[in-house]
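These are the residues of each chain, in order.
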Amino acid sequence: MFPRFALFSVTTAVLAYAFAPMAQRLLFLMPASTAVSKDPSAIKVGLVGAADIAKFAVLWPASRESSVVVTAVAARSVDKAKAYAAKHGIPKVHSNYQELIMDPDIDVVYIGVITELHYAITQYALQHGKHVLLEKPAVFLEHEAKKLVALAREQNKILLEAFHWRYHPAAIRVQELVVEQKVVGSLESMELKASLYDPMASKAEGAAKQSVKLFDRWCYLVDEMHYYLPKDQWDIEIESVEMMPTKMHAKLTATPVESPDLEKGEGGGASAVKPVQITMDAYKDKLEIPSWYVSFQGSNGSLRYDNALFPFIYHKITKPDGTVEQRYTAAANDTSENAVGKSTFAHQLEIFASLLTEQDEWKKAKTNQALWASMIRNAKMAERMVAASDQTPVSSWTFPQDYQMPR
Ligand SMILES: NC(=O)C1=CN([C@@H]2O[C@H](COP(=O)(O)OP(=O)(O)OC[C@H]3O[C@@H](n4cnc5c(N)ncnc54)[C@H](OP(=O)(O)O)[C@@H]3O)[C@@H](O)[C@H]2O)C=CC1
Ligand SMILES: O=C1OC[C@@H](O)[C@H](O)[C@H]1O
C-alpha cells in the first residue's frame, strides 16, 4: 500500500513540476481574476454570435486589456444571447445580428459565426461603418475576399482575418530566422502538419459540411505557407490534393516569380531561384500526440517550429545547429505581469486595437495592405485547392435570409 502511494505522490510531484510552467501559461488564456478598469476611450466591441470561440478570441483577452471593452452581443436566439451576456458580464443584448451591427455605440464587430456567413455579414458590417475582426477562414472564394477588401478600403475600416497564431512572438521569430536571416540557407522544401484528434469528427461531419469543417483546420496551413514564403514573389502550383472529411494531404510547388537575391546581387545565386516543395497534412482522425508544426529544409540544414498553433502553451524552435529557441515573452517593451503567457489571441486583439488607434496613416495603410493581401492569397489558394481535389466549392450564404438555416 505504502509504496504505491509513494509512487503516486512522486509521480504527481514530478508531473506537477514538469507541467507547472505550461499550466501557468494556460492560465493566461483564461479571464483575468480581477477586473481591469477600462479606459474612457476603450474600443467598443460587439459580438456577432454567442459563439464559443468568442471567449478565447475576444472576451478573455479583453478582460486583461484596458483599451478594449465588449459592450454587446447578439445571437440567433435572444434567450441564448441573454444567457451568454449574463455569464460573461456583457451589458447589452441585441435581438439579432443586424441590430447589433447598426448599434452606433459599437466600433468593432467580431464575427465568430460559421464560415458560410462570413462574407455576407462582413459586407453588412463594413457597409454600416464598423471595423471587423473576422474569424478564420475569412471566406471561401478569391472574388469574395477581394470584394471585402475593396469595401474595407473604401470605408476606411480595419478588416482582419483572425489568424491568431501569426501574432505570437515565436511565429515572428521563425519568420525572422527563415525569411530574413535565411538560417536554413536557400529554402528547398517546407512541411506543414496539423494533426489534432477530434473523436466527433468522422461522426458529425457529413459530406455536406466536409470541406467547410476540414477547411477550418487546413486554412491554417495555407496561411502558414504564405506567411513563411516572402510576400508576393511566389507562383504556387498545386501538384496534388486529397481531401476527405477528416483529413487532407497536399503537395505544392512554389516557384519564385522574381528573386530579390538575384536582383540585389545578394549572393543567393542560382540556388535562390529553385522551386520550394511544399507538403501539407491535416488530420482529425489520427489518434496520436497532437502535432502541429512547420519545418523548413534548405541548403544549410533544417528548422522546425513545433506547436505553431498554440505556441503560448508550449513551443520549440529547433534550428539547423540543433539548438532550441523559445519565445514566450511578448514585445520587448512589455514588462506587464501578463507578458510571459500572453496568448496568440491576446496578441491578435492587441494588434487589432493598435491598428484602430494608429495615427500614422502611412504605417496603417502599409499594415492593412499586407493583411489584406494575405487574406486574398489565402482565399485564392483555398479555392484552387478545393477545385483541384474535385470537391464542390463551398458557397457563402446570404444575410439575413440564410442565417437561421440549418447547417
Ligand atoms: N480562431 C480559432 O481558434 C477558431 C476559429 N473558429 C472559427 O470560428 C467560426 C465558427 O466556428 P464553428 O466551429 O464553425 O462554429 P460553431 O458551430 O461553434 O458556431 C459558431 C456560431 O455560429 C452561429 N451560427 C449562425 N448560423 C448558424 C447555423 N445555421 N448553424 C450553426 N451555427 C450558426 C451560432 O451563433 P448564435 O450564437 O447566433 O446561435 C454559433 O454561436 C468558423 O469560422 C471557425 O473556423 C472556430 C474554432 C476555433
Ligand atoms: O480554428 C481552429 O483551431 C482549433 C481547432 O481545433 C478547430 O477545429 C479550428 O476551427
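First things first, this report covers the structure right here in the doc. Just so it is clear, the model here is predicted, and its values are computed rather than measured.

**So, the sheet that holds strand 13 (residues 316-318)**
Working step 1: Taken together, eight strands build an open sheet; the order of strands is 8-9-10-7-11-12-13-14 and the sheet is mixed. Of all the strands in the sheet, just strand 8 (234-244) and strand 14 (324-325) have a single pairing partner and so form its edges.
Working step 2: As defined by bridge partners, strand 13 adjoins strand 14 across two bridges and the pair is classed as antiparallel. Paired with Thr-318 across the bridge in strand 14 is Val-324.
Working step 3: Sheet strands touched by helix 7 (residues 169-180): strand 11 (291-298), strand 12 (301-306), strand 13 and strand 14. Its angle to strand 12, the strand with the most contacts, is close to 170°.
Working step 4: On top of the sheet, helix 12 (residues 361-388) reaches strand 8, strand 9 (247-256) and strand 10 (276-283); it is set at about 50° to strand 8, its chief contact.

**Some points on helix 2 (residues 53-62)**
Working step 1: Judged by how many residues are buried, helix 2 sits mostly within the fold: eight of 10 residues are covered.
Working step 2: For helix 2, the complete set of buried residues consists of Ala-54, Lys-55, Ala-57, Val-58, Leu-59, Trp-60, Pro-61 and Ala-62.
Working step 3: Its buried side turned inward, helix 2 meets strand 1 (43-48), strand 2 (68-74), helix 3 (78-88), strand 4 (108-111), strand 5 (131-135) and helix 11 (344-357).

**Here's the deal with the nonpolar core**
Working step 1: Ranked by size, the top nonpolar core spans 50 residues in total, and within it Met-280 and Met-385 carry the most contacts.
Working step 2: The dominant element in this core, judged by the number of residues it contributes, is helix 9 (residues 210-228), at nine residues.
Working step 3: Residue contacts for Met-385: discarding those within four places in its chain leaves Trp-218, Val-222, Ile-238, Val-241, Met-243, Met-248, Ala-250 and Met-280.
Working step 4: Membership of the second largest hydrophobic core comes to 35 residues, among which are Ala-50, Ala-57, Val-108 and Leu-160.

Calculation criteria
- Residues numbered from 1 in each chain as written.
- Chains lettered and ligands numbered in written order.
- Predicted model: local features only at pLDDT ≥ 70, side-chain atom pairs only at ≥ 80, totals over all residues.
- Heavy atoms only, no water.
- Pairing = 2+ DSSP bridges.
- Helix = DSSP H or I, 4+ residues; strand = E, 2+ residues; numbered from the N terminus.
- Contact = heavy atoms within 4.5 Å.
- Axes fitted to C-alpha atoms, helices over the stretch in contact; angles between N-to-C directions.
- Buried < 20%, exposed > 50% of the residue type's maximum accessible area, 1.4 Å probe, protein only.
- Core = buried A, V, L, I, M, F, W, Y, C linked by side-chain atoms within 4.5 Å.

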